[in-house]
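Fold and geometry: a report
These are the residues of each chain, in order.
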Amino acid sequence: AEGATYAERVAFAGNVVRNFGGIGLQATGRDLRIAGNVLHGFGFDAMRVTGGDRKTLTPSGIVVEGNDVSDTGFIQRCYTPGVLLNGCGTRLVRNWFHDLPSSAMRVEGNDYDIVSNLVERVVIESDDQGGSDTYGNPGYAGTVFRHNVWKNIVPEGNVPCGRAGIRFDDAISNQRMYGNRF
């Protein structure tokens with residue numbers, strides 16, 4: 001990602017990051033661990049995580065686990081997710097995404113493992129989006145969504161386009177979902 005420094009074998013754990021006008025955390029590299037943090041109150045995304053190689057399908061080795069993520073998008077209300085994933089092979093495990101005007105996660109890439117996350121009260125102000133949103137490149141494939149909980153993904157007011165827990169748009173296919181609760 002632009003402006004990010006590449007890192008390897010780094011842990012960012014047990015921190016409280018809040019009330020930034022921009023992005024809370026931008027991580028680019030491999031074998032990173034982002035765990036047990038509280039990320040709250042940002043002008044844009046809470047996290048942008050980039051790693052792995054889509055051309056060779058080499059996984060990033062990045063794990064994003066056990067974070068509490070809320071209240072993004074104070075400056076830009078739409079397309080400011082709790083986490084934006086770019087690249088290939090990142091694991092997103094047991095995070096709590098809540099109280100977000102837009103998506104909990106935006107998934108841009110291949111072969112992600114999205115497991116046991118709790119996603120609630122998201123896509124509050126947007127429509128034609130999902131708690132997890134993937135769009136724009138039919139080459140994005142191979143992501144697995146398993147045992148996540150998606151709840152209270154509802155509009156404020158009467159908005160005609162609607163929302164989804166997991167949303168695939170623009171010819172996105174070859175994804176797997178099982179054991180999720182909506």
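Here goes a summary of the coordinates provided. Please read all numbers here as calculations on a predicted model, not as lab measurements. (Residues numbered from 1 in each chain as written. Predicted model: local features only at pLDDT ≥ 70, side-chain atom pairs only at ≥ 80, totals over all residues. Heavy atoms only, no water.)

1. Points about the environment of Ser-60
What counts here: To qualify as a helix, a DSSP run of H or I must reach at least 4 residues; to qualify as a strand, a run of E must reach at least 2; elements of each kind are numbered from the N terminus. Note on contacts: a residue pair qualifies if any of its non-hydrogen atoms lie within 4.5 Å across the two residues.
Its place among the elements puts Ser-60 in the loop between strand E7 (47-51) and strand E8 (63-65). Linking Ser-60 and Met-47, residues 13 residues apart in sequence, is a C-alpha distance of 16 Å. Beyond its immediate chain neighbours, meaning those up to four positions away, Ser-60 contacts Gly-29, Arg-30, Asp-31, Gly-51, Gly-52, Cys-88, Gly-89 and Thr-90.

2. Points about the side chain of Arg-106
Mapped onto the fold, Arg-106 is located in strand E13 (residues 105-110). Leave out the neighbours within four places in its chain, and Arg-106 touches Tyr-79, Pro-81, Val-83, Leu-84, Leu-85, Asp-133 and Tyr-135.

3. Quick word on the packing of aromatic side chains
How two aromatic rings sit relative to each other is set out by the distance from centre to centre and by the angle between their planes. Put simply, the test is: Two rings belonging to Phe, Tyr or Trp (six-membered ring only in the last case) form a pair when the distance between their centres is within 6.5 Å. Interplanar angles under 30 degrees mark stacking, angles over 60 mark edge-to-face geometry, and anything in between is tilted.
Counted according to the given criterion, the structure contains five aromatic pairs. Three or more aromatic residues joined by ring pairs make a cluster, and in this case those are Phe-145, Trp-150, Phe-168 and Phe-182.

4. Here's the deal with the pairing of strand E6 (residues 38-42)
Side chains on a regular strand alternate between the two faces of the sheet. Stated precisely, the cut-off is as follows: A pair of strands counts as paired when DSSP detects no fewer than two bridges linking them.
Across four bridges, strand E3 (residues 16-20) lies against E6 in parallel orientation. Within E6, the position partnered with Val-16 by the bridge is Val-38. As judged from the three bridges shared by E6 and strand E9 (residues 68-70), these two strands associate in the parallel manner. Among the inter-strand pairings, His-40 is bridged to a residue of E9, identified as Ser-70.

5. Describing the nonpolar core
The nonpolar side chains of soluble globular proteins are, as a tendency, buried together. Put simply, the rule is: The term nonpolar core refers to a set of buried residues drawn from Ala, Val, Leu, Ile, Met, Phe, Trp, Tyr and Cys, joined through side-chain atoms within 4.5 Å. Partly exposed residues are those whose accessible area sits between 20% and 50% of the maximum for their type, while under 20% is buried and over 50% is exposed, using a 1.4 Å probe and protein chains only.
Membership of the largest hydrophobic core comes to 30 residues, with the highest contact counts inside it found for Leu-39, Met-47, Val-49, Val-83, Leu-92, Phe-97 and Met-105. Those elements that provide at least two residues to this core are strand E4 (25-30), E6, E7, strand E10 (83-88) and E13. Those residues in contact with Phe-97, other than ones at most four positions away along the chain, are Val-69, Gly-82, Val-83, Leu-92, Ala-104, Met-105, Asn-117, Leu-118, Val-119, Glu-120 and Val-122.

6. Remarks on the pattern of salt bridges
Just so we agree on the cut-off: We define a salt bridge as a contact between a side-chain nitrogen of Lys or Arg and a carboxyl oxygen of Asp or Glu at a distance within 4 Å.
A complete count under the given rule lists 15 salt bridges for this structure. Arg-33 is the partner of Glu-65 in a salt bridge, and the nearest nitrogen-oxygen pair spans 3.1 Å. Taken as a pair, Glu-65 in strand E8 and Arg-33 in strand E5 (residues 33-35) lie far apart in primary sequence, 32 residues in all. The exposure class assigned to Glu-65 is buried, which follows from its relative accessible area of 16%. Of the charged contacts, one joins Arg-167 and Asp-133 as a salt bridge, the two residues approaching to 2.8 Å between their closest N and O atoms. Here the residue Arg-167 occupies a position in strand E19 (residues 163-168), and Asp-133 occupies one in strand E16 (residues 129-134), the gap between them amounting to 34 residues. Asp-133 gets classed as buried once you look at its relative accessible area, which sits at 1%. In the salt-bridge network here, residues are joined through shared partners; they are Asp-99, Glu-120, Arg-121 and Lys-151.

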